[in-house]
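Descriptive analysis of the structure
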Amino acid sequence: MKVAFLVNDLALSGGMGVVVQHASRLSQLPDWDVTLVLVRDAEGPSWHGYEHLPHLHVRDRDHARQEHYDIAIATWWETTFTLFELSAERYAYFIQSIEDRFYLHDEAERLGAGLTLDLPVSFITEAGWIRETLSLLRPDASCHLVRNGIEKDVFAPLEHAPVNADGPLRVLVEGSPHSWFKHVREAINAASAMREPHHVTVVCTDREALGEVVADEVVGPISHREMADLYAQTDVVLKLSSVEGMFGPPLEGFHRGATCVVTPVTGHEEYIEHGWNGLITDWDDLRGTARQLDLLARDRELLQFLRTNALETARAWPSWQQSSQFMAGALEAILREPSPGGAAGARGLLADLRGGIEIYNGHLVERAGYARRAMRFERRIARIRATPPMRFAQSLRRYRVVQLALRPLRPLARRLRRMLS
Amino acid sequence: MSDWQERITHETAPAIRVEHDLRYLSAAPLILSGGPWADLGCGNGVAAASALGEERPKDIVLVDLEESAATAAAAELGVAEADRIAGDLTDPALLERIGGLLVAAPGDPVITCFEVVEHLSTFLPLLEWALPLAAEHRATFVLSVPNDAFWATQNPHHLSSWGIGAFEELTQLLPPERTMLRQIALNGSALLDWDAAPLTQTIEARLDAQRAVASHFLVAFGPSHELLARGARALQADAEQDRRLERERESYRVQLREALAQQDQTIAKQTEELRAQTAEFEKWRVYIHELEAELGRKPSGSDAAAGGADPA
């Protein structure tokens, strides 16, 4: 089986990590050959650490175009632009989130990301909620669920959940402050609003972007092993995200004996059960979240109960090795399935495109309205400028004395111009 | 301490034996439908023999990692002529050999594979072998996996983890024509005549499908998948053994509680002693400091005294 995963770059991120996990493990199966195809010009970190895998390659787009693959797989909406440039028996799309949600309403990428879901491809996804969404959007397309595994050698399940009988409640907040939908600062604020004794650790790859926050400890960037150690010293993983794919961090915490307090974000339903292995808090309710943390700080029996069940949940979760077996099975199934015709998804694509055009039209009409209003002001100003007193006043500007007299007013004029522009 | 019963014997606890019996019982209509039968991971054959009663298929292939287990299964089932194969089910050559035996025999093959997948380092070869066998040779497969989320501790013999999600992922790789069952645990009780001889009694089980938490998941696929039987089975509990374990646990708990209470008392007593001694020492300290003041010395224990400064 010759497989190509299309990736934007090799920069380490959660999504890229998932692709690399699958690619490296698939490449170790007998008769499998896996290529990571870089759809952008190589930049940033180079490819290290997988040289020992002879059947895992990294190729640029030009090289990949000369090959023929059994399956070519897009892994991010922008990589679909290159997908059909490759020669392959089947085309698939590995979706780790409904990616248009990463963009705000007025960002052009939102439409682009949404449109790629209408392509004539087979889908593979990592979360049940994404599969359900896709089955509604694309009932004609096959969709295989391959949930992410866990690095069980790194996030090794503890034998027993550690006991924190009377120490401060140890809360861990994790996430990128660059992603608005992770709500990292809100989580830190909620933890700092606790009344009971607590210790808040923030794990963050970019401390500068985090800015000033109230936390006992800010660490990062750290390795997976260090993260696993940190989870083992944590009572509660606090996540208030509003967009998640498979929602991995609390599950990693579960493996190390931590429970969680989370928003009902997509992905939580895969393994988090309120009052059994974690607590689910409401959207935008920082006070309520702080009270839930206080409850865990006060009721150590409840804390231990949740942590014990969290660890049990973790034990039933597949490893990456097992997950990649499901991925291999899914790819073999896609190869057996008939290829979706070129028209598959075309109706949806055009409907979405039409919707996008209407939104774009709306924006243009709005813009034209603003322009008309601006023009009305411009015309009045032009009329005023054309009057003899104004023309006379303007003619005075060529005199140096007048220029010097007006100099103190320049900042005010600049500000006025900025306001009107 | 958990007792991991990876081989079912006559001495296995009834709660575990009955689970295995029931799985074979559900597959019995398929096994006895006339074609060859392969039991992958056959173990000692105790559960299969119990479920099949006196009937046996004509062509049987018994497969286990250990040859001794396959031989024991043949003896337990009373099928000396059965093919016995020892090997690893991740080995494609071994699977081809099993397939060859099944295809050569008359009738539609039936393959049972209970509680095996979780012991394999990879299930892909088994899957790659099973799908064409089902499609091209009318083979019907029945397999089961445990629900690891149901059990309280990690089974050290399992190489992969299974829950409802993983099972769902597995079944989506199987043909859409399939039967899926959940196996759930029961609690029961029976009334016997005072002087009753051994007997089989019919019981009624009330099942709440909505609230049922599965201990195992079963799936059958292939042309005869619909023959997979539903049902319930109960075995007499080993009350003697259960009572012994329960009493041991209870006595251990009492011991621990007592030990904890004694420790609490000791800690309370020592805390009180410490408090009294601290108060006593405080009085001494005050007295010593008064004496030191009269002598014109720095009070001992102070920073200046610790630094060795000469008060003179």
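Residues numbered from 1 in each chain as written. Chains lettered and ligands numbered in written order. Predicted model: local features only at pLDDT ≥ 70, side-chain atom pairs only at ≥ 80, totals over all residues.

**Points about the overall build of chain B**
Scanning chain B for helices and strands turns up eight helices and seven strands. Its C-alpha radius of gyration of 33 Å places chain B more than 25% over the 20 Å reference for a compact globule of 312 residues. Its C-alpha atoms put chain B at 115 × 55 × 40 Å along the principal axes. Buried positions account for 33% of the 312 residues belonging to chain B. Counted over contacts in chain B with a minimum sequence separation of 6, partners at least 24 positions apart contribute 71%. (Helix = DSSP H or I, 4+ residues; strand = E, 2+ residues; numbered from the N terminus. Rg over C-alpha atoms; globule rule 2.2 N^0.38 Å. Buried ≥ 20, exposed ≤ 12 C-beta atoms within 10 Å, placed from the backbone. Contact = placed C-beta atoms within 7 Å.)

**Some words on the overall build of chain A**
The secondary structure content of chain A amounts to 16 helices and 13 strands. Against the globule reference of 22 Å for 421 residues, chain A gives a C-alpha radius of gyration of 28 Å, more extended than a compact globule. Overall, chain A is about 90 × 60 × 40 Å in size when its C-alpha atoms are taken along their principal axes. When the 421 residues of chain A are sorted by exposure, 40% land in the buried category. Within chain A, contacts between residues separated by at least 24 positions form 64% of all contacts whose residues are at least 6 apart in sequence.

**Some words on the interface of chain A and chain B**
Counting residues at the interface gives 20 residues for chain A, matched by 18 residues for chain B. Put simply, the parts of the chain that give the side of chain A that touches chain B at least two residues each are β7 (143-145), α11 (300-315) and α12 (320-336) of chain A. In terms of residues, the side of chain A that touches chain B owes the most to one element, α12 of chain A, which gives seven residues.

**Things to note about the sheet that holds strand β1 (residues 37-40) of chain B**
All names here are of chain B. The mixed open sheet is built from seven strands, whose spatial order is β3-β2-β1-β4-β5-β7-β6. At either end of the open sheet lies a strand with only one pairing partner, and these are β3 (83-86) and β6 (178-183). Each adjacent strand pair in this sheet contributes to an overall mean axis angle of 15°, direction not counted. Strand direction decides the pairing type here: strand β5 (residues 140-146) and strand β7 (residues 216-221), joined by six bridges, are antiparallel. Paired with P146 across the bridge in β7 is H216. Sheet strands in contact with helix α1 (residues 14-31) are β1, β4 (110-114), β5, β6 and β7, and its direction is about 170° off that of β4. (Pairing = 2+ DSSP bridges. Axes fitted to C-alpha atoms, helices over the stretch in contact; angles between N-to-C directions.)

**With respect to the confidence of the model for chain B**
Residues and elements named next belong to chain B. Summary statistics for chain B give a mean pLDDT of 90 and a share of 94% for residues scoring 70 or more. The element-level mean pLDDT for chain B is lowest in helix α8 (residues 303-306), coming to 65, with β1 highest at 98. Interface scoring of the predicted complex returns ipTM 0.74; its pTM is 0.80. (pLDDT = per-residue confidence, 0-100.)

**Comments concerning the pairing of strand β4 (residues 68-74) of chain A**
Residues and elements named next belong to chain A. Most of β4 is tucked away, with five of its seven residues classed as buried. Looking at chain direction, strand β1 (residues 2-7) and β4 are connected through four bridges and run parallel. Across the sheet, residue F5 finds its bridge partner in β4, namely I73. Bridge count for β4 against strand β5 (residues 87-95) is six bridges, and the pairing is parallel. Looking at β5, one finds that I73 is bridged to A92.

**Description of the sheet that holds β1 of chain A**
Pairing between sheet strands relies on hydrogen bonds along the backbone, with the strands arranged either parallel or antiparallel. Residues and elements named next belong to chain A. Strands sit in the order β3-β2-β1-β4-β5-β6-β7 across an open sheet of seven strands; the sheet is parallel. Only two strands of the sheet have a single partner each, and these edge strands are β3 (56-60) and β7. On average, each strand axis in the sheet is tilted by 25° relative to the strand beside it, whichever way the strands run. As paired elements, β1 and strand β2 (residues 33-38) share six bridges and run parallel to each other. Considered in β2, the bridge of V7 is made with L38.

**Regarding the pairing of β1 of chain B**
Residue and element names in this part refer to chain B. Every second residue of β1 is oriented toward a common face, with W37 and D39 on one face and A38 and L40 on the other, all of them buried. Here β1 runs beside strand β2 (residues 60-64); their pairing, made up of four bridges, is parallel. Residue pairing for β2: A38 is matched across the bridge by V61. The parallel pair β1 and β2, bridged by helix α2 (residues 46-52), forms a crossover whose chirality is right-handed. (Right-handed = clockwise from strand over helix to strand, strands pointing away.)

**Side note on helix α5 (residues 128-137) of chain A**
Every buried residue of α5 of chain A is listed here: W129, I130, R131 and L134 of chain A. Looking at the buried residues of α5 of chain A, the elements they touch are β5, β6 (122-125) and β7 of chain A.

**Let's talk about helix α3 (residues 67-77) of chain B**
Residues and elements named next belong to chain B. For α3, every residue scored as buried is listed here: A69, A70, A72, A73, E76 and L77. Taken end-on, α3 shows its buried residues confined to a sector of 160°, consistent with a single buried face. Exposed and oriented more than 90 degrees from the buried face of α3 are E67 and S68. Where the residues of α3 are buried, they touch α2, β2 and β3. Looking one or two residues beyond α3, the residue adopting positive phi is G78, at roughly 70°. (Arc of directions from axis to C-beta.)

**Some thoughts on the nonpolar core**
Formed by 164 residues in total, the largest nonpolar core has its most connected members in I73 and L238 of chain A. It is α1 of chain B that contributes the most residues to this core, eight residues altogether. Other than its neighbours up to four places away in sequence, I73 of chain A contacts V3, A4, F5, L6, A92, Y93 and F94 of chain A. (Core = buried A, V, L, I, M, F, W, Y, C linked by C-beta atoms within 7 Å.)

**Comments concerning the environment of S97 of chain A**
Inspection of the secondary structure assignment puts S97 of chain A in the loop between β5 and α4 (108-115). Residues S97 of chain A and E126 of chain A, 29 residues apart in the sequence, show an inter-C-alpha distance of 8.3 Å.

**Brief notes about the domain arrangement of chain B**
Structurally, chain B comprises domain 1 (14-187 + 203-237) and domain 2 (255-306). Placing the centre of domain 1 of chain B and that of domain 2 of chain B at their C-alpha centroids yields a distance of 70 Å. (Domains from an automatic or database assignment.)

**Section: the domain arrangement of chain A**
Interface size is commonly expressed as the accessible surface area that is lost when the partners come together. The domain architecture assigned to chain A consists of domain 1 (2-149 + 322-344), domain 2 (169-317), domain 3 (346-386) and domain 4 (389-421). Centre-to-centre separation of domain 2 of chain A and domain 4 of chain A, based on C-alpha positions: 58 Å.

**Overview of the packing of α4 of chain A against helix α13 (residues 346-386) of chain A**
Residue and element names in this part refer to chain A. In contact at an axis separation of 10 Å, α4 and α13 are set at 170° when each is read in the N-to-C sense. Of the possible angle classes, the one that applies to α4 and α13 is roughly antiparallel. Every residue of α13 that contacts α4 at L111, G114 and L115 is listed here: L349, D352, L353 and G356. (Parallel < 35°, antiparallel > 145°, perpendicular 65-115°, else oblique.)

**A short note on the packing of helix α9 (residues 248-255) of chain A against α11 of chain A**
For any two helices packed against each other, the geometry is given by the interaxial angle and the distance between the axes. Residue and element names in this part refer to chain A. Where α9 meets α11, the axes come as close as 7 Å, and the angle between the chain directions of the two elements is 105°. In terms of orientation, α9 lies roughly perpendicular with respect to α11. Contact residues: L251, F254 and H255 in α9; A310, L311, T313 and A314 in α11.

**Remarks on unusual backbone geometry**
Here the residue pair G220 of chain A and P221 of chain A is connected by a cis peptide bond, since its omega of 0° sits within 30 degrees of zero. Relative to the helices and strands, P221 of chain A resides in the loop between β10 (217-219) and α8 (224-232). Even without being a glycine, D31 of chain A presents a positive backbone phi close to 65°. Residue position: D31 of chain A is located in the loop between α1 (14-26) and β2. Overall, the presence of 7 C-beta atoms within 10 Å leaves D31 of chain A in the exposed class. A positive phi angle, near 55°, is found at E115 of chain B, a position not held by glycine. You can see E115 of chain B is positioned in the loop between β4 and α5 (124-137). Given 20 C-beta atoms within a 10 Å radius, E115 of chain B is considered buried.

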